Amino acid sequence: MENEIRKIPKKTKILIAVLIVLIAIIFAVLTYLKDLRMEEILNSLGYKNVESIQVINKMSVENKETRKKGTLYKVLFDNKDTNEECIGFVHKDSEGQYYDDFDCKKSE
């Protein structure tokens, strides 16, 4: 007994290709906006001249004592004012305040 193999219609192939391109564009735009927002946050924390920002991870956290929720971002960026590469955390508490904890080392 032979299995019949049906070809995928041309319209379906075009639809799949369009969806893949659309998803890639949406992902790129969301990544860009996330990095742009992190640049604003870093500026408010005193890091004025930064580039190559990467938001590595975003986690929801909770203070065990106060039971208040916050967000913790792991961030990597280049500080052009001091010629350093910085990696560390930005914490957003439940009131919307941001706190930073970065380890910066001289770039080569």
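For the structure itself, consult the block above.
What this report covers is the structure whose coordinates are included nearby. Numbering of residues starts from 1 in every chain and runs along the sequence as written. The predicted nature of this model means local features are confined to residues of pLDDT at least 70 and side-chain atom pairs, given and counted, to a pLDDT of 80 or more, with totals for whole chains, interfaces and linings taken over all residues. By convention in this description, side-chain values take in all heavy atoms of the structure and omit both hydrogens and water.

## Some details on the overall build of the protein chain
The cut-off we apply is this: Where helices and strands are cited, they refer to DSSP runs of H or I of at least four residues and of E of at least two residues respectively, numbered from the N terminus. Values of the radius of gyration come from C-alpha atoms, whereas the globule rule sets the reference at 2.2 Å times the count of residues to the power 0.38. Per-residue accessibility, obtained with a 1.4 Å probe over protein chains only, is compared with the maximum for each type, and a residue is labelled buried under 20%, exposed over 50%, and partly exposed between these values. Accessible areas in this description were obtained via Shrake-Rupley with a 1.4 Å probe; residue shielding takes into account the shown protein chains only. Under the convention used here, Asp and Glu are negative, Lys and Arg are positive, and both His and the chain ends fall outside the count. By convention, the charge on Lys lies at NZ, on Arg at CZ, on Asp at CG and on Glu at CD.
Along its length, the protein chain carries one helix and four strands. Ordered by position from the N terminus, the helices and strands of the protein chain form the series α-β-β-β-β. Computed over the C-alpha atoms, the radius of gyration of the protein chain is 22 Å, more than 25% above the 13 Å expected from 2.2 N^0.38 for a compact globule of 108 residues. Dimensions of the protein chain along its principal axes, counting C-alpha atoms only, are 70 × 40 × 25 Å. Of all 108 residues assigned to the protein chain, the portion counted as buried reaches 20%. In the structure as shown, the protein chain presents an accessible area of about 8900 Å², 56% of it carried by carbon and sulfur atoms. Of the side chains in the protein chain, 18 bear a positive and 18 a negative charge, and the two mean positions are spaced by 10 Å.

## A word on the pairing of strand S2 (residues 69–79)
How we decide: Two strands qualify as a pair provided that DSSP identifies no fewer than 2 bridges between them.
Within S2, eight of the 11 residues are buried, which leaves it mostly tucked inside the rest of the structure. Here strand S1 (residues 50–62) runs beside S2; their pairing, made up of 10 bridges, is antiparallel. Along S2, the bridge assignment pairs Asn57 with Lys74. In this structure, S2 lies alongside strand S3 (residues 84–92), joined through nine bridges in antiparallel fashion. Considered in S3, the bridge of Val75 is made with Gly88.

## With respect to the state of the cysteines
The cut-off we apply is this: The disulfide definition used here is simple: a pair of cysteine sulfur atoms within 2.5 Å.
By the definition in use, this model includes one disulfide. Linked covalently through their sulfurs, Cys86 and Cys104 form a disulfide whose S-S length is 2.0 Å. Disulfide Cys86 to Cys104: torsion about the S-S bond roughly 110 degrees, handedness right-handed. Of the two residues, Cys86 sits in strand S3 while Cys104 sits in strand S4 (residues 98–106), which places them 18 residues apart along the sequence. Under the relative-accessibility criterion, Cys86 is labelled buried at 0%.

## Quick word on the side chain of Asp78
Basically, it comes down to this: What counts as a salt bridge is simple: a side-chain nitrogen of Lys or Arg found within 4 Å of a carboxyl oxygen of Asp or Glu. Contacts: residue pairs with any heavy atoms within 4.5 Å of one another.
You can see Asp78 is positioned in strand S2. No salt bridge is formed by the buried Asp78; the nearest opposite charge belongs to Lys80, separated by 4.6 Å. Once residues lying within four places of it in the same chain are set aside, the contact partners of Asp78 are Asn49, Val50, Glu51, Ser52, Glu84 and Glu85.

## A short note on the sheet that holds S4
Applied cut-off: In this analysis, axes come from line fits to C-alpha atoms, helices being fitted only over the stretch in contact, and the angle between any two N-to-C directions falls in the range 0 to 180 degrees.
Across the sheet, which stays open at both edges, the four strands sit in the order S1-S2-S3-S4 with antiparallel pairing between neighbours. The outermost strands of the open sheet, each flanked by one partner alone, are S1 and S4. Taking each pair of neighbouring strands and ignoring which way they run, the sheet shows an average axis angle of 15 degrees.

## Quick notes on the nonpolar core
Short version of the rule: As used here, the term nonpolar core means buried Ala, Val, Leu, Ile, Met, Phe, Trp, Tyr and Cys residues forming a set that is joined through side-chain atoms within 4.5 Å.
Residues Met38, Leu42, Ile53, Val75, Phe77, Val90 and Phe102 are the most contacted members of the largest nonpolar core, which totals 14 residues. Of all the secondary structure elements, the ones that give two or more residues to this core are helix H1 (10–44), S1, S2, S3 and S4. Those residues in contact with Val75 that sit more than four places away from it in its chain are Met38, Leu42, Ile53, Gln54, Cys86, Ile87, Gly88, Val90 and Phe102.

No statement about biological role is implied by the geometric values presented.
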